[in-house]
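Examining the three-dimensional arrangement
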Amino acid sequence: MSYTSCIYHIVFRTKRSQPTITETYERELFQYIFNFVRSKGCHLYRVNSMPDHVHLLVGLVPNISLSDFVRELKSASSTFLTSHRQWFPFYESWGKEYFACS
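Here we summarise the structure given alongside this text. These numbers come from a predicted model, not from an experiment. (Residues numbered from 1 in each chain as written. Predicted model: local features only at pLDDT ≥ 70, side-chain atom pairs only at ≥ 80, totals over all residues. Heavy atoms only, no water.)

Time to look at the sheet that holds strand E2 (residues 43–50). With respect to topology, 4 strands assemble into an open sheet ordered E2-E3-E1-E4, the strand pairing being antiparallel. Across the chains shown, the open sheet's two edge strands, defined by having one partner strand only, are E2 and strand E4 (94–101). If you compare each strand with its neighbour and ignore which way they point, the axes differ by 20° on average. Here strand E1 (residues 6–14) runs beside strand E3 (residues 53–60); their pairing, made up of 8 bridges, is antiparallel. What sits directly across from arginine 13, in E3, is histidine 53. Running over the sheet, helix H1 (residues 26–39) touches E2 and E3 and is turned about 150° from E2. (Pairing = 2+ DSSP bridges. Helix = DSSP H or I, 4+ residues; strand = E, 2+ residues; numbered from the N terminus. Axes fitted to C-alpha atoms, helices over the stretch in contact; angles between N-to-C directions. Contact = heavy atoms within 4.5 Å.)

For the coordinates displayed, the defined rule picks out 4 salt bridges. The closest approach of N and O atoms between aspartate 52 and arginine 13, which form a salt bridge, is 2.6 Å. With a gap of 39 residues between them, aspartate 52 in the loop between E2 and E3 and arginine 13 in strand E1 connect regions that are remote in the sequence. Its relative accessible area of 17% is what places aspartate 52 among the buried residues. The exposure class assigned to arginine 13 is partly exposed, which follows from its relative accessible area of 38%. Here glutamate 92 ties to arginine 16 by a salt bridge, and the two come within 2.9 Å at their closest N and O atoms. Of this pair, glutamate 92 sits in the loop between helix H2 (66–83) and E4 while arginine 16 sits in the loop between E1 and H1, and the two are 76 residues apart along the sequence. When its relative accessible area of 41% is taken as the criterion, glutamate 92 is described as partly exposed. (Salt bridge = Lys/Arg side-chain N within 4 Å of Asp/Glu carboxyl O. Buried < 20%, exposed > 50% of the residue type's maximum accessible area, 1.4 Å probe, protein only.)

We now examine H2. Taking 1.5 Å per residue, 18 residues should reach 26 Å; H2 reaches 26 Å between its end C-alpha atoms and fits that length. Those residues of H2 not exposed but buried are Leu66, Phe69, Val70, Leu73, Lys74, Ala76, Ser77, Ser78, Phe80 and Leu81. Taken together, the buried residues of H2 touch E1, H1, E3 and E4. (Expected span 1.5 Å × (residues − 1).)

In structure tokens, the structure reads:
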């Protein structure tokens with residue numbers, strides 16, 4: 001049996017670094033991200049945010065690439081944020097780029 005351990009620190013920002021993530025409702029965003037990560041069979045060790053960016057410490061399974069994971073997470077969480085305008089009224093979108101290191 002093979003064993004892999006691919007743990008990444010991932011950071012992505014809001015478009016133009018707009019401060020759109022509020023402390024009041026960040027827990028709802030974190031729960032959404034947790035459920036997304038779990039649905040991919042991955043492990044979320046930590047999640048935190050500032051008003052303009054999100055930090056994740058994630059263990060990825062070997063059958064999903066880092067770039068696919070981040071692209072899908074940003075897309076899904078963007079849909080979540082825009083569908084909850086009452087919580088995140090100033091959210092437009094995520095920035096195009098991201099940071100990741102292992």
